[in-house]
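The lines below spell out each chain.
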Amino acid sequence: SCHARMALAVKQWTLQAIQTHAADPKGADDPEGGGEWFEGWLRAVHRDVYDDIDHSDCAELLTLKWARSVTDKKKTISS
């Protein structure tokens, strides 16, 4: 039926989007979208890094190659 085909297409699109983001959390996200996927991944996978950087602007995190530590101003963290 038309509804079944539509549901299957939506399911396939959703799974593909998740797979793309999971393969490259930072590269697959975009500043226009807000960077929430990357921020969530960083929080879940690298909690120590997430807790030690300013993560108040997740769209900005996408543009950074390095982030300054909030606990040690002389230290930078690769993001």
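Residues numbered from 1 in each chain as written. Predicted model: local features only at pLDDT ≥ 70, side-chain atom pairs only at ≥ 80, totals over all residues. Heavy atoms only, no water.

1. Brief notes about the nonpolar core
- By size, the foremost hydrophobic cluster in this structure holds 8 residues: Phe38, Leu42, Val49, Tyr50, Ile53, Leu61, Leu62 and Ala67.
- Counting only elements with at least two residues in this core, the list comes to helix 3 (36–45) and helix 4 (47–51). (Core = buried A, V, L, I, M, F, W, Y, C linked by side-chain atoms within 4.5 Å. Buried < 20%, exposed > 50% of the residue type's maximum accessible area, 1.4 Å probe, protein only. Helix = DSSP H or I, 4+ residues; strand = E, 2+ residues; numbered from the N terminus.)

2. Thoughts on the packing of aromatic side chains
- Tallied over the full model, the rule gives 1 aromatic pair.
- Judged by centre distance (5.8 Å) and plane angle (25°), the ring pair of Phe38 and Trp41 falls under stacked. Linking Phe38 with Trp41, this pair stays in helix 3, spanning 3 residues, or about one helical turn.
- On the basis of relative accessibility, which here comes to 2%, the residue Phe38 falls in the buried class.
- Taking the ring centre of Tyr50 as reference, the NZ or CZ of Arg43 above it sits at 5.6 Å. (Phe/Tyr/Trp six-rings, centres within 6.5 Å; stacked < 30°, edge-to-face > 60°. Lys NZ or Arg CZ within 6 Å of the ring centre and 35° of its normal.)

3. Quick notes on the environment of Gly34
- Structurally, Gly34 can be placed in the loop between helix 2 (25–28) and helix 3.
- Separated by 31 residues in the primary sequence, Gly34 and Lys65 place their C-alpha atoms 17 Å from one another.
- Aside from chain neighbours lying at most four places away, what touches Gly34 is Cys58 and Ala59. (Contact = heavy atoms within 4.5 Å.)

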